[in-house]
Amino acid sequence: MRKTRWGLYGEGLRLLRVPGLVFVALMLLVSAIGVGGDMAAVGSYRTLGGIVGWLLLAVFSAILSVRIFQFVHTRSASDFYAALPCRRDTLFAAFTAATVTWLTVGLLAFSGVAFLGTWAGGGDAAALWIDVSRWLRFAGGVLLYTLGISLLSMSLTGTLPSQGLVALVLCAGPFALRYVVTTLAQELLPVLSWGKTTAAWGDITHPYVVMYRLWRAGAGPYDSFTYAYWGDYIPHTVGRSGIVYTSLEDLERTTGYALAVGLVCIGAAWLLFRRRPSEAAGRATVYPAIQGIFRVLAALTVSLFPAVRWIRLLIVEQQDGTQRCPWLWIVAGYLIALAVYFLYELLTTRRVRNLIKALPALAVVVVINGLLVGGGAHYCRQILTQSFAAQTV
């Protein structure tokens, strides 16, 4: 194997040749189908084609990074790479650059076909360029976010199942916290409007849009926000062109968040990879303490959902008629969280006796849930008992 910086980069491109070509081919196919189907501005953040492109990018960012760093999961391969006369920094940088290169080729192929095909069909070049550039900015965020999570989980683990589960926890955690905040905000503040519109092919009743004002203690008057079940983007038209979203500011904020988190994760992965011992290959985690931390985080991520239902049950005086057997949902949610706690340990270590050793840390999950439910319900009651002047609402 070539041991220079550029030699390792070329080796990385060669290792990723097959999945890289598959990725480029799929991106070209999705883009061509969108243009051929008269899907306006397929390379736009607005269209189904654009969304499929983002999903393919996220999936292959993980696949390519796992493929090129798969040597960390096998002791013999890990020892071989550790014995190479090159710095760990060089190896990490070269292989990461090779991964980004293949992903970038796919992005340029997708956006190029989308732009040229739609422009050749009579689309406005200036408007198309604006849409494609927005799509590329968000795609860059998706690329760095997914790649950063994958590289960080690789640097923390020594087996493929462990890497996959750690990456899932890192991805799902922020979304679970978002669910807690938005759900409690809906309970605390009234529904002011419902969204309904007419699309080209019929009437579409959208998920209800909650217009709410979040109260911030000591921060002055309310701040206005808009929320829908589909995330930060409020859909108002669904037709041949796909889904059109109303909030470009939310898209830009999400892009900035993804870029920042991705860069931080890549930096953390680089630092950990430099100090990663070769003998960690085949172990669930590089450091034993990390195993317990992520086991607890996995259970906590799942337990946030029944915890929110419990808080709602405590603060809402009259239950909605659609809420039947609320305690059944709460108990079922906590049982699922308990199953996730032990399944994580079983899947990553593949030793049944380790389940007994994992029992003491389960108390951490119980205590945190107790603090969340008790503290959350107390805080919500305080807000609901306050009165505000009409001009501040």
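Residues numbered from 1 in each chain as written. Predicted model: local features only at pLDDT ≥ 70, side-chain atom pairs only at ≥ 80, totals over all residues. Heavy atoms only, no water.

S.K.: Pulling in residues and values, what's your account of the overall build of the protein?
M.R.: A count of helices and strands for the protein gives twelve helices and six strands. When burial is assessed residue by residue, the protein has 43% of its 393 residues classed as buried. A sequence separation of at least 24 residues applies to 73% of the contacts in the protein between residues at least 6 apart. With an accessible surface of roughly 20200 Å², the protein has 69% of that area assigned to carbon and sulfur atoms. (Helix = DSSP H or I, 4+ residues; strand = E, 2+ residues; numbered from the N terminus. Buried < 20%, exposed > 50% of the residue type's maximum accessible area, 1.4 Å probe, protein only. Contact = heavy atoms within 4.5 Å. Areas by Shrake-Rupley, 256 points an atom, 1.4 Å probe, with all protein chains shown as cover.)

S.K.: Just give me the short version of the packing of aromatic side chains, but keep the residues and values in it.
M.R.: Aromatic ring pairs: the centre-centre distance and the angle between the two ring planes describe each pair. Counting across every chain of the model gives 18 aromatic pairs. The interplanar angle of 20° and the centroid separation of 4.0 Å between the aromatic rings of Phe71 and Tyr81 together place this pair among those described as stacked. Of this pair, Phe71 sits in the loop between helix H3 (48–68) and helix H4 (75–82) while Tyr81 sits in helix H4; the two residues are ten residues apart in sequence, bridging distant segments of the chain. Phe71 sits in the buried class, given a relative accessible area of 7%. Centre to centre, the rings of Trp310 and Trp327 are 5.8 Å apart; their planes meet at 75°, and the pair counts as edge-to-face. Placement of the pair is Trp310 in helix H9 (residues 288–315) and Trp327 in helix H10 (residues 326–349), with a sequence separation of 17 residues. (Phe/Tyr/Trp six-rings, centres within 6.5 Å; stacked < 30°, edge-to-face > 60°.)

S.K.: Outline empty space enclosed by the protein, listing residues and values.
M.R.: Per the counting criterion, the structure on display carries two cavities of 30 Å³ or more. In this structure, the largest cavity spans a volume of roughly 70 Å³. Lining the largest cavity, in full, are Phe71, Val72, Ser78, Tyr81, Ala82, Arg88, Leu91, Phe273, Arg276, Pro277 and Ser278. Going through the elements one at a time, H4 and helix H5 (88–120) are the ones with two or more residues in the lining of the largest cavity. Here the lining of the largest cavity gets three residues from one element, more than from any other, and that element is H4. Here the lining of the largest cavity is built from residues that sort into seven nonpolar, two polar and two charged. (1 Å grid on protein atoms, 1.4 Å probe; cavity = no way out; pocket = protein on both sides within 12 Å on 5 of 7 lines; lining within 4 Å. Points joined across faces, edges and corners; volume = space filled by probe spheres on them. Nonpolar A, V, L, I, M, F, W, Y, C, P; charged D, E, K, R; others polar.)

S.K.: Summarise the pattern of salt bridges; cite the residues concerned and give the values.
M.R.: With the rule as written, the count across this model stands at five salt bridges. In this structure, Glu11 and Arg14 form a salt bridge, with 2.5 Å as the shortest nitrogen-oxygen distance. Linking Glu11 with Arg14, this pair stays in helix H1 (residues 5–15), spanning three residues, or about one helical turn. Note on Glu11: relative accessible area 10%, which makes it buried. Here Arg14 falls in the partly exposed class, since its relative accessible area comes to 41%. Among the salt bridges present, the one from Asp89 reaches Arg274, with a minimum N-O distance of 3.2 Å. (Salt bridge = Lys/Arg side-chain N within 4 Å of Asp/Glu carboxyl O.)

S.K.: Can you explain the environment of Thr183? Please cite residues and give values.
M.R.: Take Thr183: it is sitting in helix H7 (residues 160–188). When its relative accessible area of 8% is taken as the criterion, Thr183 is described as buried. Once the C-alpha coordinates of Thr183 and Phe305 are considered, the two residues, 122 residues apart in sequence, prove to be 9.8 Å apart. If sequence neighbours within four positions are ignored, Thr183 has contacts with Val308 and Arg312.

S.K.: Kindly report on H9, identifying the contributing residues and their values.
M.R.: In an α-helix, one full turn covers 3.6 residues, which means residues spaced three or four apart are oriented alike. A rise of 1.5 Å per residue sets the reference length of H9, with its 28 residues, at 40 Å; its end C-alpha atoms lie 40 Å apart and thus fit the reference within 8%. The sharpest bend along H9 comes to roughly 35°, located at Leu304, with the proline Pro306 sitting one to four residues further on. (Expected span 1.5 Å × (residues − 1). Bend = angle between axes of the 7 residues up to and from the residue.)

S.K.: Lay out the side chain of Ser78 with the relevant residues and their values.
M.R.: Looking at where Ser78 falls in the secondary structure, it is placed in helix H4. Overall, Ser78 belongs to the buried group, its relative accessible area being 7%. Leaving out residues up to four positions away in the same chain, Ser78 has contacts with Phe71, Ser278 and Ala281.

S.K.: Give a description of the packing of H9 against H10 that names residues and reports values.
M.R.: Remark: H9 packs on H10, axes separated minimally by 9 Å, with the N-to-C direction vectors making an angle of 175°. Between H9 and H10, the angle is such that the two are roughly antiparallel. Its residues assigned to classes, the contact of H9 with H10 shows 19 nonpolar, five polar and three charged. (Axes fitted to C-alpha atoms, helices over the stretch in contact; angles between N-to-C directions. Parallel < 35°, antiparallel > 145°, perpendicular 65-115°, else oblique.)

S.K.: Describe unusual backbone geometry, and please don't skip the residues or the numbers.
M.R.: At Arg350, a residue that is not glycine, the phi angle is positive and equals roughly 55°. Relative to the helices and strands, Arg350 is located in the loop between H10 and helix H11 (354–357). You can call Arg350 exposed: its relative accessible area is 62%.

S.K.: Outline a nonpolar patch on the surface, listing residues and values.
M.R.: Taken together, the side chains of Val18, Val22, Leu26, Leu29 and Ile33 define a hydrophobic patch exposed on the protein surface, amounting to about 440 Å² of accessible area. On the accessibility criterion, Val18 (58% relative accessible area) is exposed. (Patch = residues over 30% accessible without salt bridge, like charges linked within 9 Å, V, L, I, M, F, W, Y side chains within 5 Å.)

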